[in-house]
Amino acid sequence: AVVSTQSGHYGRVCPDVAGAGDKADELMAMAWRSIDTEKRIELALQAVTSNSNCASAHILLGEECAATVPEADKYFRQALKIADNNIRKFVSVPSHDVKANSLHRRDINICVYARRRVAMCLRKMGKLKECIKITRELIKEFPLMSVLHIHENLIEALLAQKAYNDVQALLTRYDDLTLPKSAVICYSAALLKIRPVCEKFFADVTVKKGLTTHQFDAVEALQRAVEFNPHVPQYLLEEKPIILPPEHLLKRGDSEAVAYSFYHAAHWKEVPGSIKFLECFWKDTFKLIPFPLEKGKLFHPYTSGTEETDRELLPLFHDVSVYPKKEKSTDCDSALIPLL
């Protein structure tokens, strides 16, 4: 796909309603069930031929057939136009019509999905202001869709714009104890804590004088992020090559680390000194959780089956990262251990 996914596949989010009575819908129901890309595209093209207003067919073609980002954007905008028209027509439908209500829910999901994809296309084309505007509107209009993690797209776009205060405001809302965490949430929070202290951070000076309060807070935020997903630092430090993210990802796994690094490594490089700060402190996290499969510090114990799942999600040529093993400390590590 031209626009790599940062969430579940469309077919899982807004499937077509089987038995809707429209040939195009039936074709798309088969398309989403197929595991063959060429077959899905063929069925989508047949659906468009049967009914040019089949929004889900335009979605699939935008995801899997478009050769460029502008072309994908065109497909998604067409799907959005169709879904919006269907939603407007729904007001005249009797509320007891079960089939119509099912189709209406599907159209709402298509609308949300297509608008998010349009925003992601705009981000790819460098149109940050338009991307941020659409994403903010989505979050405001569909607050219950937070399960789709649309706010993570907004965080990435705001970081690209260097709107750090706006990112902090979002984290205040979504980095809550009651809400699920992600690498985007944890590492973005760490980056914002590191940013004010890393430019003037010198390991030799810190060894002599100790960590300041703000530096200590930054180290704690970094260790929290590393505990959540210990695979990310290897990509940010360029110890492992960053590849295109997979279609699906596993929270706390290597697949999530690949996706996070693909979209966010540039934001770390934009903050002078952040990579050096990361290099000095990330491994100390493992001293705080000596038995991560049995007990965590801030999160649940690390899942033992993560590696097997990641191997299924990531391409065969990729060297899947296993939970980082304890290694000999670097000079920077060993010098700073007494300070923590």
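My aim in this report is to walk through the structure given alongside it, one point at a time.

Considering the overall build of the protein chain
- When helices and strands are tallied, the protein chain shows 18 helices and zero strands.
- A buried classification covers 51% of the 340 residues belonging to the protein chain.
- Of the contacts formed within the protein chain by residues at least 6 apart in sequence, a portion of 68% connects residues at least 24 apart.
- Total accessible area computed for the protein chain in this model is approximately 17,200 Å², and 55% of it derives from carbon and sulfur atoms.

Some words on the side chain of S188
- Relative to the helices and strands, S188 resides in helix α10 (residues 183-198).
- A residue is classified by how much of its surface remains accessible, and S188, at 1% relative accessible area, is buried.
- Not counting the four nearest positions on each side in its chain, S188 is found in contact with I155, L159, L171, A183, Y260 and H264.

Focus: the environment of K23
- With respect to the helices, strands and loops of the structure, K23 is situated in helix α2 (residues 23-33).
- Of the residues examined, K23 reaches a relative accessible area of 58% and is grouped as exposed.
- In this structure, the C-alpha to C-alpha distance between K23 and A47, residues 24 residues apart in sequence, is 7.3 Å.

Description of the environment of Q161
- Take Q161: it is sitting in the loop between α8 (150-160) and α9 (164-174).
- Given the relative accessible area of 34%, Q161 is considered partly exposed.
- Q161 has contacts with L128, K129 and I132, leaving out every residue within four places of it along the chain.

Some remarks on the packing of α2 against helix α3 (residues 37-50)
- Orientation of α2 relative to α3, taken along the N-to-C sense of each, is 170°, at an axis distance of 8 Å. Classed by the angle they form, the pair α2 and α3 counts as roughly antiparallel. The residues of α3 that touch α2, namely those facing K23, A24, L27, M28, M30 and A31, are R40, L43, A44, Q46, A47 and S50.
- Split by residue class, the contact of α2 with α3 holds eight nonpolar, two polar and two charged.

Notes on the nonpolar core
- By size, the foremost hydrophobic cluster in this structure holds 95 residues, and its most contacted members are M28, I155, Y187, Y260, W268, F277 and F281.
- If you tally residues by element for this core, the top one is α10, at 12 residues.
- Setting aside its immediate chain neighbours within four residues, W268 contacts Y187, L191, I194, L236, Y260, S274, I275 and L278.

Focus: the state of the cysteines
- The final tally for this structure, using the stated rule, is zero disulfides.
- In this structure C121 is not part of a disulfide, and its nearest cysteine sulfur, from C131, lies 9.8 Å away.
- Classification of C121 by relative accessible area gives buried; the value is 0%.

Criteria and thresholds
Residues numbered from 1 in each chain as written. Predicted model: local features only at pLDDT ≥ 70, side-chain atom pairs only at ≥ 80, totals over all residues. Heavy atoms only, no water. Helix = DSSP H or I, 4+ residues; strand = E, 2+ residues; numbered from the N terminus. Buried < 20%, exposed > 50% of the residue type's maximum accessible area, 1.4 Å probe, protein only. Contact = heavy atoms within 4.5 Å. Areas by Shrake-Rupley, 256 points an atom, 1.4 Å probe, with all protein chains shown as cover. Axes fitted to C-alpha atoms, helices over the stretch in contact; angles between N-to-C directions. Parallel < 35°, antiparallel > 145°, perpendicular 65-115°, else oblique. Nonpolar A, V, L, I, M, F, W, Y, C, P; charged D, E, K, R; others polar. Core = buried A, V, L, I, M, F, W, Y, C linked by side-chain atoms within 4.5 Å. Disulfide = S-S within 2.5 Å.

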